[in-house]
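# Topology and contacts: notes
These are the residues of each chain, in order.
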Amino acid sequence: MKRKLLLLAMFLGLQYAAVAQTKKVSGKVIDATTKQPLAGVSITVSDTKQGTSTNAEGAFTLNAPSDAKTILLTFVGYQDQIVELTGKPLQIGLLVDNKDLNEVVVVGYGTQRKKDLTGAVTSIGSKDVGGRQTLQVSEALQGSVGGVSVTRSSSTPGSGSSISIRGITTIGTNSPLIIVDGVPVSNIDNVNPNDVENITVLKDAASAAIYGSRGAAGVILVTTKRAKEGQSSLEYNYEYGVQRATALPEYAGVQDYMRYFNEQATNDGASTGPFPQASIDKYLENNLADPDKFPNTNWQETVMTNKSAPRQRHDLVFTMGTDKIKTKASLGYSDAGAFYDNRSYNRYLFRINNDLQLNSKMNINLDVAYKRTTNKGNGNELNNSYNPIYEARIMPPIYDDFYSNGLLAFGKDGRNPIAQINEGGFSKTLANQISGRIMFNYKPIQGLTLTMQVAPTFDLDKDKYFSKQIKFTNADGSISTIVNQPKTILSEGRNEAFSVNGQLLANYTREIAKDHTIDVLVGYEENYRSLESLG
């Protein structure tokens, strides 16, 4: 009986100690201006992970450590607030974050304050784009904007991504309209991620209506960085990284493959499979004695000779700004490798943005950009979408990659992915793009801005594909009649494209009594494009 009483006393003592280590905090959170209760306000004890949120009446209760002195309150659209604990119920008023509401957002043919927006518009800044350390702008959009789906077209170096806003919207093209500094472009990845100031996504019909049918699948507005008055700097950034496969598929062994193949044959009505059971049982022994006649090939290891895919990026940025001339110039170089040999991608990007203030009423924006990309692969990779890794994953282990003397084996009837990589020729695409933009802004009277813009773009692309016939040998060194393709093919092509965008805009803005704003926009835009192709 004494032992039971002692245990009960110890238990009550522990409970008392646990209660003594915490204290109850309660209160109510309201809007400091309207005095209305705020529901869903996040409340956390400072320097801890303990927290709660307010209910529909704005009330909250939580147990805080006995030594806690302050709590932190956060709520979307309101300023964060730290409140000291007094031991009494708290009455807390949160202030509206006017800075966030007055933030200027780029929209169609102009800007608006965030509090004036009525459509579904989302904007992300330079830290969200350049800070993700991606080679492509489209990759930086992944997971950054709600309602925007970004899917990489493939895992090859330099591959872009398909972007859809709020899903599939039409049986035609579902790609959004891309606007860079007011100029429609064909590819968002033609911009260096480090050159991006902000990206605005217009996701619904109300926000994208000004672009007409072109904006049916949404609009993405990209604004590049420009120099500011008083700036003067020269920056160099270097990044190096490697990509590794998070997981690789595991395959059945050669004996299991033959058993499953036999099972498939009998399920399809055959009396027996092509592989005798005795041959299956002794296959591994036979492989040790004669690997050329009894191959056991791990095609994934054969093709993926590189355990990681390296990539690097160099950026040189010059910035200079005075009251009359502001210039920001950037030169970027990036390259990426693959998990297998003879595959590479590199890109040069140059951009210079100039702002010239002629007088108090007129200024000029003069921008020039240049892009050059080089894509190299094996003979059938770039034009026929030949994927060596895919080929390796569907190739059965009973076919040989190399003979024991080091010569290439013919695989499955001449289909040998490692032979295609090493001896199957090459493919190379070279893309050059030169673009410019000149914009005149004239302000004849207060509130009225007249804008004229001309933006030409030249595309000069060429490609060369050399798909080589591979003549294989037998295991004994004699010439085999098996080849990978009927003949050797050489093809070249040239593409030249020219496009120009012209705009004439008149925008009048006037604020009345600090509470009302009149904003009227009238404009005309025309786009012209021509294309010549050879080969």
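Our subject is the structure that appears above.
Treat the numbers as computed from the prediction; the structure is a model and nothing was measured.

Rules of the game
- Residues numbered from 1 in each chain as written.
- Predicted model: local features only at pLDDT ≥ 70, side-chain atom pairs only at ≥ 80, totals over all residues.
- Heavy atoms only, no water.
- Pairing = 2+ DSSP bridges.
- Helix = DSSP H or I, 4+ residues; strand = E, 2+ residues; numbered from the N terminus.
- Axes fitted to C-alpha atoms, helices over the stretch in contact; angles between N-to-C directions.
- Salt bridge = Lys/Arg side-chain N within 4 Å of Asp/Glu carboxyl O.
- Buried < 20%, exposed > 50% of the residue type's maximum accessible area, 1.4 Å probe, protein only.
- Patch = residues over 30% accessible without salt bridge, like charges linked within 9 Å, V, L, I, M, F, W, Y side chains within 5 Å.
- Areas by Shrake-Rupley, 256 points an atom, 1.4 Å probe, with all protein chains shown as cover.
- Expected span 1.5 Å × (residues − 1).
- Arc of directions from axis to C-beta.
- Contact = heavy atoms within 4.5 Å.
- Phe/Tyr/Trp six-rings, centres within 6.5 Å; stacked < 30°, edge-to-face > 60°.
- Core = buried A, V, L, I, M, F, W, Y, C linked by side-chain atoms within 4.5 Å.
- Polar contact = N/O pair within 3.5 Å; in protein donor to acceptor, adjacent residues only side chain to side chain.

Quick look at the sheet that holds strand β26 (residues 489-512) now. Either a parallel or an antiparallel arrangement is found when strands of a sheet pair, and the pairing is made through backbone hydrogen bonds. Pairing is antiparallel across the open sheet formed by 9 strands, whose spatial order is β17-β18-β19-β20-β21-β22-β23-β26-β27. The open sheet has two free edges, formed respectively by β17 (232-243) and β27 (516-534), since each of these has just one partner strand. Direction aside, neighbouring strands of the sheet carry axes that sit 10 degrees apart on average. In terms of strand pairing, strand β21 (residues 362-377) meets strand β22 (residues 425-442) through 16 bridges, oriented antiparallel. Following the sheet pairing, T374 is matched in β22 by L430.

Right, let's get into the pairing of strand β18 (residues 309-321). It is a general feature of regular strands that their side chains alternate between the two faces of the sheet. Note: β17 against β18, 12 bridges, orientation antiparallel. The residue of β18 that forms the bridge with S232 is M320. Direction of pairing for β18 relative to strand β19 (residues 325-337): antiparallel, over a ladder of 11 bridges. The partner of Q312 across the bridge, within β19, is D335. A loop of 3 residues connects β18 with β19, the two strands running antiparallel in sequence.

One open sheet holds the 5 strands; their spatial order is β10-β15-β16-β13-β14, and the pairing between them is mixed. Both edges of this open sheet fall to β10 (121-125) and β14 (183-185), since each of them pairs with a single strand only. In this sheet, neighbouring strand axes are inclined to one another by 25 degrees on average, regardless of whether the strands run parallel or antiparallel. Judged from the 3 bridges that link them, strand β13 (residues 177-180) and β14 form a sheet pairing that is antiparallel. Bridging across to β14, V180 finds its partner in V183.

Take the pattern of salt bridges next. One pass over the full model with this rule turns up 11 salt bridges. Between R351 and D181 there is a salt bridge; the shortest N-O distance is 3.9 Å. Of this pair, R351 sits in strand β20 (residues 344-357) while D181 sits in the loop between β13 and β14, placing them 170 residues apart in sequence. Relative accessible area serves as the criterion here: at 13%, R351 is assigned to the buried category. One salt bridge in this structure joins D256 and R259, with 2.9 Å as the shortest N-O distance. Pair noted here: D256 and R259 are both in helix α6 (residues 254-267), with a separation of 3 residues, about one helical turn. For D256, a relative accessible area of 30% translates into the label partly exposed. Three or more residues joined by partner-sharing salt bridges are found here, namely R226, D355, D367 and R437.

Attention now goes to a nonpolar patch on the surface. A cluster of nonpolar side chains, namely L234, Y236, Y238, Y240, V242, L316, F318, L331 and F350, defines an oily patch on the protein surface of about 920 Å² accessible area. Counting only elements with at least two residues in the nonpolar patch, the list comes to β17 and β18. Looking at which element gives the most residues to the nonpolar patch, the answer is β17, with 5 residues. You can see Y238 is positioned in strand β17. We classify Y238 as partly exposed; its relative accessible area is 43%.

Attention now moves to α6. Taking 1.5 Å of rise per residue, 14 residues should cover 20 Å, and α6 covers 20 Å from first to last C-alpha, within 8% of that figure. Restricting attention to buried positions, one finds in α6 the residues V254, Q255, M258, N262 and A265. Buried residues in α6, looked at end-on, bunch into an arc of 110 degrees, giving them a common side. Exposed side of α6, more than 90 degrees from the buried face: Y260 and N267 are the residues found there. Among the structural elements, α7 (277-281) and α8 (283-289) are those in contact with the buried residues of α6. Positive backbone phi, at 110 degrees, marks G269, one or two positions downstream of α6.

Attention now goes to the pairing of strand β6 (residues 81-84). The sheet contact formed by strand β5 (residues 70-74) and β6 spans 4 bridges and is antiparallel. In the sheet register, L73 faces β6, and the bridge partner there is Q81. What sits between β5 and β6 in their antiparallel hairpin is a turn of 6 residues, with G77 showing a positive phi close to 90 degrees.

In total, this model carries 9 aromatic pairs according to the counting rule given. An angle of 75 degrees between the planes, with centres 5.9 Å apart, marks the rings of F261 and F275 as edge-to-face. Placement of the pair is F261 in helix α6 and F275 in the loop between α6 and α7, with a sequence separation of 14 residues. Three or more aromatic residues link up through ring pairs in this structure, and these residues are Y257, F261 and F275.

Attention shifts here to the environment of N298. Within the fold, N298 resides in the loop between α8 and α9 (299-303). Classification of N298 as partly exposed rests on a relative accessible area of 36%. Measuring from C-alpha to C-alpha, the distance between N298 and L248 comes to 13 Å, with 50 residues separating the pair along the chain.

We now examine the environment of I165. Residue position: I165 is located in strand β12 (residues 161-165). Note: C-alpha distance between I165 and P176 (11 residues apart in sequence) is 7.1 Å. The residues touching I165, leaving out its near neighbours within four places in the chain, are G147, V148, P176, V201, L202, K203, A217, G218, V219 and I220.

Our focus in this paragraph is the nonpolar core. Within the largest apolar cluster, 19 residues are counted, with the highest numbers of intra-cluster contacts made by L141, I188, I199 and I220. Elements with a minimum of two residues in this core: α4 (137-140), β11 (148-152), β12, β13, β15 (196-202) and β16 (219-224). Element by element, the count of residues in this core is highest for β15, at 3 residues. Residues in contact with I220, not counting those within four places in the same chain, are L141, I163, I165, P176, L177, I178, I179, I188, I199, T200 and V201.

Tracing the chain through its elements places T302 in helix α9. For T302, a relative accessible area of 15% gives the class buried. Taking C-alpha positions, T302 is 9.4 Å from F402, a pair spaced 100 residues apart along the chain. The contact partners of T302, leaving out residues within four places of it in the chain, are T297, D401, F402 and I418. A polar contact is formed between the side chain of T302 and the side chain of D401, at a distance of 2.8 Å.

In short, shape yes, function no, at least from these values alone.
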